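# Per-entry structural report
What follows is the residue order along each chain.
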Amino acid sequence: MGDGGVTRTLRAIFKVAGPLFFLPFVLLFASGPRAQPSADEVRDGRYCANCHADAAVIWTGKHGTKADSRAPVSVGCAMCHGDPSEHVKSPGNPMPQRFSKMASADKNAVCNTCHQGSTRIHWPGSAHERNDVSCSSCHKVHTAHDRARDKLTQSEVCFACHKEQRAQINRPSRHPVREGMVACSDCHNPHGSVGPAMVRRDNVNDTCYACHMEKRGPFVRTHQPVQENCAICHNPHGTTAPNLLKQRSPFLCQQCHEPTSHRGQVATLSGTSTNASTLARGCLNCHTNIHGTNNPANISNERTFRR
Amino acid sequence: MRSRDAFRLTGIAAALLAGLAPAQAPAQNVEPLVPYGASTAASSASVGIGYTPDDSRRFGQYNGVTESGVYGLFDFNLVRRDDETGTWQHLFGRNIGLDNRLLRWEQNRQGNWGYFIEFSQIPRYEPLSINSAVGGIGTANLFIPTTPTSGGPVELKTRRDAIGLGFSKAFASNWEVQVAFRNEEKEGTRLFGRGTTGAGPAFGNFEFGPEPINSTTRQLDAKVNYTTSDLQLSGGYYGTFFDNHHNSLNFTGGQASLATFTPVGLPPGNESHQVYLAGGYGFSPTTRANFKLAHARATQTDSFIPGVPLAPGIGGNLDGRVDTTLAQAGISARPMPKLGLLADLRYEDRDDKTPVRVYITPASSTHDGTNEPRSIRTITGKLEANYALPHQLRVSGGIGYEEKKRNTSAVRVVSFRETTDEISYRAELRRMMSETLTGAVSYVHSIRDGSPWQLTTQTSGVVGSNLIAPIHLADRTRDKVRLALNWNPIAPLTLNFQVDNAWDDYKTRDGSSIGPMEGSAQNYAIDADYVFSEQWRATAWYSRNNTKAEQTTCPGASSSGVCGAQTFQATVKNLSDNVGIGVRGKPAGMIEIGADLSYSDIKDEYQQQALIGAPVASLPNVDTKLTRLNLFGRYALQKNSGVRLDYIYDRYKTDDWTWSTWLYADGTALSDPNHTVHFAGVSYYHRF
């Protein structure tokens, strides 16, 4: 086939297929704006998914359980984002409740419509509430995996703000946070509590006792700071000193104890029988039951947790 | 506030399991789903093996991968929802092939009823290497060599096996009953021992005596919730029960000087019962109040251990009882659009009603022989206000107050004060400088003082040494400054800067120059998150965390509190630099890869300096370096299945001297070994 033949062939193809090429454009302009969705399509979010396909994953979770009349799926996207009518008419019109532009209090008010009470009663006035933390700061609802609710990944969410603790959980003495066996929410209620630092129970000690109940006593011999607050001696987020202690022995003990007898000794590695408060278990080499002991032994001066 | 997904290195299990979740987005693909993240699209399962040629008890401290060998990797997350009834069924298993396994079954009809049953294990391997000839380890009867004796390797570990059960039922649209019960069995051994003064082999009369752990912990939480849009109430019962199957540790053999140091008491069983009512009420959309009332009774009536001499009249147990009453009320309001107000008051009375009896006769010079119940009453309050200023500025300020009142015994060896009061002033300025830049600066100033010091007093009434103000009771001035900045300079890049500085200034006792002096903490952090494309993303962070404590004391002060010829200051520092880098990518449609690197360089300094008298030597610094590299690659064989490869490099290096020269009188030696661990894993995953 010569050049003329090729030209003729292409012309023939174009003659037949040309109109097909323009057909989509013709149809596009002939149809005008996208057909208006039905009320049902808007209500249940099907129409929204045309543009916000990723967001539709929310319906695969709790929010999308149709049999639960409280679930947002019963109303659709409008339940949290407001009336979509104007936005549907023109995407340039923002949704009434556009989370990325809303104040934290307004965002939280949307979630609180359903999620309040029980463990969230003390959200008002909590440190998070006062610092403009919103529900969506930590929780992702348009995803199949909310990292804040996974013990393995929850700490990553918390560390977005709590950076000191991010470093501390890698210290040699630590809780098994990295392994996902202990999560921040095992000790803290991020939705507010009546305890300091939003601890899960009413105070620090009661929170620690949930796992370390053997420390509660009361004992025949009690150690005052143990009864008052575990955090006087321990940093639960991680330390280089053993047993999550804020400092090593004898420095920790010397912060309270009078320097009489052996208690004011200089820390040294050349330990002797009366000077062994630095190595091994430090002062606990003798005072082994430092959290208190219930040993009632009637032995002179047996008040120092040695038995 | 902006929350971002941040990559972080996790433990071996996380590294190996990551990536088995259904595909959503690169950052989500690398994590498995969990019980509460239920989704009808979430079902997945994976099976594989991992291998490490290295031994390290620290690497496997909480997952059991302590020895070289092959480990099974098995996880699943099966989720089903019946759309007709809204009934969910969820079976979840994580780390089934490792020691830190978690298994959970849950079924619920959303908004109606639900129940769950859960089983979990948490191991803890003592990371120290131990060689000991002590016999009976793991039991309550130890046999201690009388002379230093070389022994064989000893493994100390504990394991918690927990079963949780719970159910919930909603009724009458506003009411819900929730009950949760947890039973945990803890078994194993932990580092423990006994000792006393006096010359002895090696470092003296100190003997290795691991504590046997065999205890049961139970918790029961039952509550009723009432929830309407205005009023929320939650009331219930929380009970805890601890039962120790070993209440004493008996030693046979060992040093003659320790012959009377047996048995040693172990933690007694105890229990607590709390009833509570919490509530919240919305007076208006802008005014809300909440409260909590609770009363708890904790008792400890474990029988006294046998085999010890008893003073007359003490009975068969402590009759320990602590009643705790809590009352809290708070209100937050926004009376004007620009003004927010907050008030909160909390009262907690821990009343130790344990009877006081004479356990030791005759009294010694520093102890009257009685037990010492500890009661503490705490009152805290705060008032805060915030106001929105022009130019996206918001200013807030507040005042906080805490009063603690404690009791003490007549004879004591540590100075005491009945009451401490701390008042805090807080100010913060927050500004949204633009849609891409927000910042805040806050300052807190706290002053703590208290009632007059109660002097240490001997049985005879003679005043003892009163040189130290205990750190939690001492007068203290604390200043804290925080700067925070979030910046999106360009669309794919997010930067976060944070600086925290805190300074403590302690006041010594009148006439004394020793005790806690100063403390400080500085934390600097910068985080960056960059999204290169839909396929590639990276995060990086760096933080420096420094703390310092200065304290002064003197060796061998007289019983009346006069320092000898020497006074010295200890300056204890903890300095750390920490780095994290994470990358996720999808170089091809079927391939995903990721890498996480974390590194911490921690230095502990123990400087000691004589202020008076002969010079003193500082302790050697302790340098600890931790490195962890986690690589993974995933190849999709089909749309819903594929193969995942993992590699982990973990390095621990320290020159910690805590155990390096130590030798127990029985010959037991411990060490904290460095390690370099390589772990590789391959697994097959399937989603359905």
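Residues numbered from 1 in each chain as written. Chains lettered and ligands numbered in written order. Predicted model: local features only at pLDDT ≥ 70, side-chain atom pairs only at ≥ 80, totals over all residues. Heavy atoms only, no water.

Another point: the overall build of chain A. Tallying secondary structure elements over chain A gives 13 helices and zero strands in all. In sequence order, the secondary structure elements of chain A are arranged as α-α-α-α-α-α-α-α-α-α-α-α-α. Every one of the 307 residues in chain A was classed for burial, and the buried ones make up 54%. Pairs at least 24 residues apart make up 43% of the contacts formed inside chain A by residues separated by at least 6 positions. Summing over all exposed atoms, chain A offers an accessible surface of approximately 13,600 Å²; the carbon and sulfur share of this is 61%. (Helix = DSSP H or I, 4+ residues; strand = E, 2+ residues; numbered from the N terminus. Buried < 20%, exposed > 50% of the residue type's maximum accessible area, 1.4 Å probe, protein only. Contact = heavy atoms within 4.5 Å. Areas by Shrake-Rupley, 256 points an atom, 1.4 Å probe, with all protein chains shown as cover.)

Counting its regular elements, chain B contains two helices and 36 strands. By the compact-globule yardstick of 26 Å for 688 residues, chain B fits well, its C-alpha radius of gyration being 29 Å. Overall, the C-alpha framework of chain B stretches about 80 × 70 × 55 Å when taken along its three principal axes. Buried positions account for 52% of the 688 residues belonging to chain B. Relative to all contacts within chain B whose residues are 6 or more apart in sequence, the contacts with residues 24 or more apart total 63%. (Rg over C-alpha atoms; globule rule 2.2 N^0.38 Å.)

This part covers the interface of chain B and chain A. Across the boundary between the two partners, chain B contributes 190 residues, which contact 121 residues of chain A. Summing both partners gives a buried area of about 13,200 Å² for chain B against chain A, and 53% of it is carried by carbon and sulfur. Linking chain B with chain A are 11 salt bridges, by the criterion used here. R130 of chain A is paired through a salt bridge with E384 of chain B; the nearest N and O atoms lie 2.9 Å apart. On inspection of chain B and its partner chain A, the count reaches 74 residue pairs in polar contact (both at pLDDT 80 or more). (Buried area = accessible area lost by both parts, 1.4 Å probe. Salt bridge = Lys/Arg side-chain N within 4 Å of Asp/Glu carboxyl O. Polar contact = N/O pair within 3.5 Å; in protein donor to acceptor, adjacent residues only side chain to side chain.)

To continue, consider the pairing of strand β9 (residues 157-171) of chain B. Residue and element names in this part refer to chain B. Strand direction decides the pairing type here: strand β5 (residues 113-125) and β9, joined by 13 bridges, are antiparallel. If you follow F119 over to β9, its bridge partner there is I163. Across 14 bridges, β9 lies against strand β10 (residues 175-190) in antiparallel orientation. Directly across from K169, in β10, lies its bridge partner V177. Hairpin connection, β9 to β10: the antiparallel pair is bridged by three residues, and A172 has positive phi, about 50°. (Pairing = 2+ DSSP bridges.)

What follows covers the nonpolar core. Across soluble globular proteins, nonpolar side chains show a tendency to be buried alongside one another. Counting 32 residues, the largest nonpolar core has W659 and W662 of chain B as its most contacted members. Of all the elements in the fold, those that place two or more residues in this core are β7 (141-144), β12 (205-208), β15 (248-253), β31 (567-588) and β33 (619-638) of chain B. Every residue in contact with W662 of chain B, bar those within four places of it in the chain, is listed here: A276, L279, A280 and N285 of chain A together with F203, F206 and A669 of chain B. (Core = buried A, V, L, I, M, F, W, Y, C linked by side-chain atoms within 4.5 Å.)

With that out of the way, let us pick up the packing of aromatic side chains. All names here are of chain B. A complete count under the given rule lists 15 aromatic pairs over all chains for this structure. Here Y281 and F283 contribute two aromatic rings whose centre-to-centre distance is 4.9 Å and whose plane-to-plane angle is 80°, an arrangement assigned as edge-to-face. The exposure class of Y281 is partly exposed, given its relative accessible area of 37%. With a centroid separation of 6.0 Å and an interplanar angle of 90°, the aromatic rings of F304 and Y359 are classed as edge-to-face. With F304 in the loop between β18 (287-300) and β19 (320-336) and Y359 in the loop between β20 (339-352) and β21 (376-389), this residue pair connects regions lying 55 residues apart in the sequence. We classify F304 as buried; its relative accessible area is 10%. Since its relative accessible area comes to 0%, Y359 is described here as buried. Within the aromatic cluster, the residues linked to one another by ring pairs are F203, F206, F208, W659, W662 and Y664. (Phe/Tyr/Trp six-rings, centres within 6.5 Å; stacked < 30°, edge-to-face > 60°.)

Turning next to the pattern of salt bridges. For the structure shown, the criterion picks out 52 salt bridges over all chains. Taking the shortest distance from any N to any O, the salt bridge between K157 of chain B and E155 of chain B comes out at 4.0 Å. Residue K157 of chain B is classed as partly exposed on the basis of its relative accessible area of 35%. One network of salt bridges, in which partners are shared, links R130 and D132 of chain A together with E384, R394, R426, E428 and R430 of chain B.

On to the confidence of the model for chain A. Residues and elements named next belong to chain A. With 86% of its residues at a pLDDT of 70 or more, chain A has an overall mean of 87. When the elements of chain A are averaged for pLDDT, helix α1 (residues 3-31) gives the smallest value, 52, and helix α11 (residues 204-209) the largest, 98. When the criterion is pLDDT under 50, residues 21-33 qualifies, and its contacts beyond four places in sequence or with other chains add up to zero contacts. (pLDDT = per-residue confidence, 0-100.)

With that out of the way, let us pick up helix α5 (residues 104-112) of chain A. Residue and element names in this part refer to chain A. Three or more residues of α5 are buried, namely S104, K107, N108 and V110. Seen along its axis, α5 keeps its buried residues to an arc of 150°; they face one direction. In the core, the buried residues of α5 are packed alongside α3 (78-81) and α7 (135-138). (Arc of directions from axis to C-beta.)

Following the sequence through the fold, P259 of chain A ends up in the segment after α13 (251-254). Along the sequence, P259 of chain A and P218 of chain A sit 41 residues apart, while their C-alpha atoms lie 28 Å from each other. Excluding its chain neighbours within four sequence positions, the residues that come into contact with P259 of chain A are G264 of chain A together with S465, L467, I468, I514, T553, C554, P555, G556 and A557 of chain B.

What follows covers the sheet that holds strand β8 (residues 152-154) of chain B. All names here are of chain B. Strand order in this open sheet of three strands is β8-β6-β35, and the pairing throughout is antiparallel. Where the open sheet ends on each side, the last strands, each with one partner, are β8 and β35 (669-671). Neighbour to neighbour, the strand axes of the sheet diverge by 30° on average, direction disregarded. With three bridges joining them, strand β6 (residues 129-132) and β8 adopt antiparallel strand pairing. Counted as the bridge partner of N131 is P153 from β8. (Axes fitted to C-alpha atoms, helices over the stretch in contact; angles between N-to-C directions.)

Bringing the sheet that holds β7 of chain B into the picture now. Residues and elements named next belong to chain B. Pairing in this open sheet of three strands is mixed, and the strands run β7-β15-β16 from one edge to the other. Of all strands in the sheet, those bounded by a partner on one side alone are β7 and β16 (264-265). Pairing of β7 with β15, which is carried by four bridges, proceeds in the parallel orientation. What sits directly across from I144, in β15, is G253.

This part covers the pairing of strand β34 (residues 641-654) of chain B. All names here are of chain B. As paired strands, β33 and β34 are joined by 14 bridges and run antiparallel to one another. Across the sheet, L626 pairs through a bridge with Y652, a residue of β34. The hairpin turn running from β33 into β34, its antiparallel successor, is two residues long. Two strands pair when backbone bridges link them, and β34 and strand β36 (residues 675-687) are joined in this way by 12 bridges, in the antiparallel orientation. Looking at β36, one finds that Y647 is bridged to A680.

This part is about unusual backbone geometry. Cis geometry is found at the peptide bond from G217 of chain A to P218 of chain A, where omega equals 0°. The omega torsion of the bond from T361 of chain B to P362 of chain B falls at -10°, within 30 degrees of zero and hence cis. Within the fold, P362 of chain B resides in the loop between β20 and β21. In this model, D132 of chain A sits at a positive phi of 65°, which is unusual for a non-glycine residue. Take D132 of chain A: it is sitting in the loop between α6 (127-130) and α7.

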